[in-house]
Amino acid sequence: MQVLKFGGSSVADAKNINKVVAIIQQAVKNNADTIIIISALGGVTDALLEAASLASDGDILYKEKLHEIERRHLTVVKELIPLDQQSSVLSMVKKRCNEIEDICNGVFLLKELSVRIKDAIISYGELISSQIIAAKLKSIGISNTWKDARELILTNSDFGNAAVDFIVTNKMIQDFFSNANANVFIMPGFTGKEKSGYTTTLGRGGSDYTAAIIGAALNASVVEIWTDVSGLMTADPRLVTNAKIIQHISYQEAMELSHFGAKVIYPPTIQPLMNKKIPVCIKNTFAPSDSGTWIRNESKLTGRAIRGISSINKISLLSLEGTGMVGIPGFSKRLFEALSNEKINVILITQSSSEHSICVGIEQANAARAKEVIDETFAHEIEIKKVEPLFVENGLAIVALVGDNMKNHPGISGKMFGALGRNGVNVRAIAQGSSERNISAVISVNDVKKAINVLHEEFFETAYKQINLFISGTGNVGSKLLAQLQQQQKHLLNHMRLNVRVAAISNSRKMFFNDEGINLSRWKELLQDAEKNDINNFIETIQKKNLRNSVFVDITASDVIANSYPQYLQKSISVVACNKVACSSSYNYYKKLKDLAREYNASFLFETNVGAGLPVIGTLNDLIRSGDKVNRIEAVLSGTLNFVFNNYTGEKSFAKVVKQAQDEGYTEPDPRLDLSGTDVMRKIMILARETGAELEMEDIANESFMPEVCMKGTVENFYKEMEKHEEHFFNLVSKAKAEGKKLKFVARFENSKASVGLQHINPQHDFYHLYGKDNAVLFYTNRYVEQPLVIKGAGAGAEVTASGVFADIIRAAG
């Protein structure tokens, strides 16, 4: 004996029902004894409820709704059944629809809809659909017996969610089928009757339950649940695009997943089958060759501790707290008794060991009623201040990890909460059963999608980790970075298992978002046609999207954007800054950003603030983290100034060489920042701060070589004044040359003091042989005393700066 159940989506219309019929044909060939449980046509139960509700409100539109339901069923009959066999089936549909209308007419007149009448109305969906399919099977030569499930399933009078009397029900089922002569039976799901003969329904997913009741009573060889997905999945595919089919799962695991929101199977379905160890197979009506999910007593080992991830939305957390609860028995009993009397289901329980508080999770729809009844129950204790009034927190959800094998793998909880914490998902409450089959966390409903993706990536994604980038700045460096990202996408995926997606791009004018990743071969035209940029809207949109593993990348020189970093870090969004403004602003702001990054488990990286793509800050941090002490730093930190003094011989004016440096992309957008030494001051201050010094810009001595008049007015005026002072610049170079030395603009930090200025460098010094735009940094430490640790290389240029930003992105991704 086998039992097959087909859900509403499987029998939504004639086209789908023909797929169902083909599956039944195959099943009957393989096993002669088959019981088929049928749901209402997809959406019909809701339509019947709507019609009943309209009628109870005195709205005559219920008649039109009922006529729509009738037309739909008549259309299905005409499309399914041969013309010469339609008459009796059409009559049956009209008769049943007239019965529904008669009941609704009474509801309309009385303007009253009891739960008993509601059950009577909605039961018709299954009654009609199952008889249509029985007729279709007969029309193609499959002899079958239609049996009303109400004649076999006895329940209590809890209309809407009736409990089955299994002793009586099992006997009625066994008596009927032992005396029946047919091999194929068609039955409506979802329905039963109570002892007075009134129709009852079995609750949400009741047709699954019908199949389980019948299968268990008859010791069926298998119960197949046919639906519109190919089985239980590791996560909700609407939230996780890479969710996978679970091919094998235990009864207990399936019950946990279904309890925590997996909609594929109804939780009570599993219990009667588990008691008899009858296997359940979940199959896809629209892909019948897929293997589906097999639910058995023991699941096959897969090498993973976790079998699946599920969630329930619209949860409220009720917190009962008070010093009067400590050591006093009976508080929990009274709390749960109060909820039970109101038929409020408790989904999750957690209590502190101090007994000072107890939290329970319930459906949000019941929260107001729960507060009222609990405050009333503990009114005396509240009045004498032994207990606080019940605190209700709405807008929550439960995310659960499920797996029989978790108990054999230490560290699952740590891995779960670590992954959530790194992505800024705050956990409000935690629950874990002694079986260690389920770990549940209560979080904000706004974080559900991110949380499930983060956990799925952590426990199931051996393929890749997804990184979402939000990039501000598409100028010289920004465009080079986007080109590098495009070039390296396949390499990162194949060799580092990183799926790096640019989810947003903005410049000073426009901003463009795409959660699935921007096509980097078309970013210019996409940005050109995008919406107007507004920094507040940009930040708000990123926060609302709430994507996992998010990194904000600042490739601007904007102080406004630099001041926005806290808004990212506080949402656990890492910040990669090419922009030097933040780290070279006040020490308090610099420290605030470092502290926020630490507090919210985010990265704040700014390697390119000093030395473009050179690993200067990373090396400095490695020295300090490994226990070394930095005693002195000497550095040539301006690729611009090094380029200028390496190329200025007097043949071309000093102004022309500076302009060449600007044209070749070595200078800041305003070259005066380089020539004045301000940019170098910023860089040595950042290095000093990374050693632990609390340094401000005004603490740095700047021995400027620029005539003061050159630094006034516009950039155009700057170049004109330099031409006027050509002799001054030529004398500087000539004097150094006469001594057999070179001019280098050197930054120095020692004994908590910093300075910058031109120096004459002799041929023996590490700085003497710096050419072009090269930078060099010398670290004198306790370990590097006589011979410093030297970092040397190109310290300017869009390409190398972009590569430094790229490297920080990869660090943030780790």
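Coordinates for the structure precede this section.
Conventions we followed
Residues numbered from 1 in each chain as written. Predicted model: local features only at pLDDT ≥ 70, side-chain atom pairs only at ≥ 80, totals over all residues. Heavy atoms only, no water. Phe/Tyr/Trp six-rings, centres within 6.5 Å; stacked < 30°, edge-to-face > 60°. Helix = DSSP H or I, 4+ residues; strand = E, 2+ residues; numbered from the N terminus. Buried < 20%, exposed > 50% of the residue type's maximum accessible area, 1.4 Å probe, protein only. Axes fitted to C-alpha atoms, helices over the stretch in contact; angles between N-to-C directions. Parallel < 35°, antiparallel > 145°, perpendicular 65-115°, else oblique. Contact = heavy atoms within 4.5 Å. Nonpolar A, V, L, I, M, F, W, Y, C, P; charged D, E, K, R; others polar. Disulfide = S-S within 2.5 Å. Pairing = 2+ DSSP bridges.

**Structural notes on the packing of aromatic side chains**
No. 1: The final tally for this structure, using the stated rule, is 20 aromatic pairs.
No. 2: An angle of 65 degrees between the planes, with centres 6.5 Å apart, marks the rings of F538 and F552 as edge-to-face. Linking F538 in helix α18 (residues 535–545) with F552 in strand β22 (residues 550–554), this pair joins segments that are 14 residues apart in sequence. The pair formed by F538 and F552 is uniform in burial state, with each residue classed as buried.
No. 3: With centroids separated by 6.1 Å and ring planes inclined at 65 degrees, the aromatic side chains of F705 and F745 adopt a geometry described as edge-to-face. A residue pair is termed long-range when its members are at least 10 positions apart, and F705 in the loop between β26 (700–703) and α27 (715–724) and F745 in strand β27 (residues 742–750) qualify at 40 residues.

**Some details on the packing of helix α4 (residues 86–110) against helix α6 (residues 124–139)**
No. 1: Remark: α4 packs on α6, axes separated minimally by 10 Å, with the N-to-C direction vectors making an angle of 175 degrees. By the criterion of interaxial angle, the relationship of α4 to α6 is roughly antiparallel. Of the residues in α6, those touching α4 at V89, M92, V93, R96, C97, E99, I100 and I103 are Y124, L127, I128, Q131, I132 and A135.
No. 2: The residue makeup of the contact of α4 with α6, split by class, is eleven nonpolar, one polar and two charged.

**Side note on the state of the cysteines**
No. 1: Evaluation of the coordinates by the stated rule reveals zero disulfides.
No. 2: No disulfide involves C578; its sulfur sits 11 Å from that of C583, the nearest cysteine.

**Some thoughts on the sheet that holds strand β3 (residues 145–146)**
No. 1: Taken in spatial order, the eight strands of this open sheet run β3-β5-β2-β1-β8-β10-β11-β9, and their pairing is mixed. Each of the sheet's edge strands pairs with one partner strand only, and the pair in question is β3 and β9 (248–250).
No. 2: Where strand β10 (residues 280–284) meets strand β11 (residues 293–296), three bridges bridge the pair, whose relative direction is antiparallel. Directly across from C281, in β11, lies its bridge partner W294.
No. 3: On top of the sheet, α6 reaches β2 (34–38), β3 and β5 (184–188); it is set at about 160 degrees to β5, its chief contact.

By themselves, these figures tell us nothing about what the structure is for.
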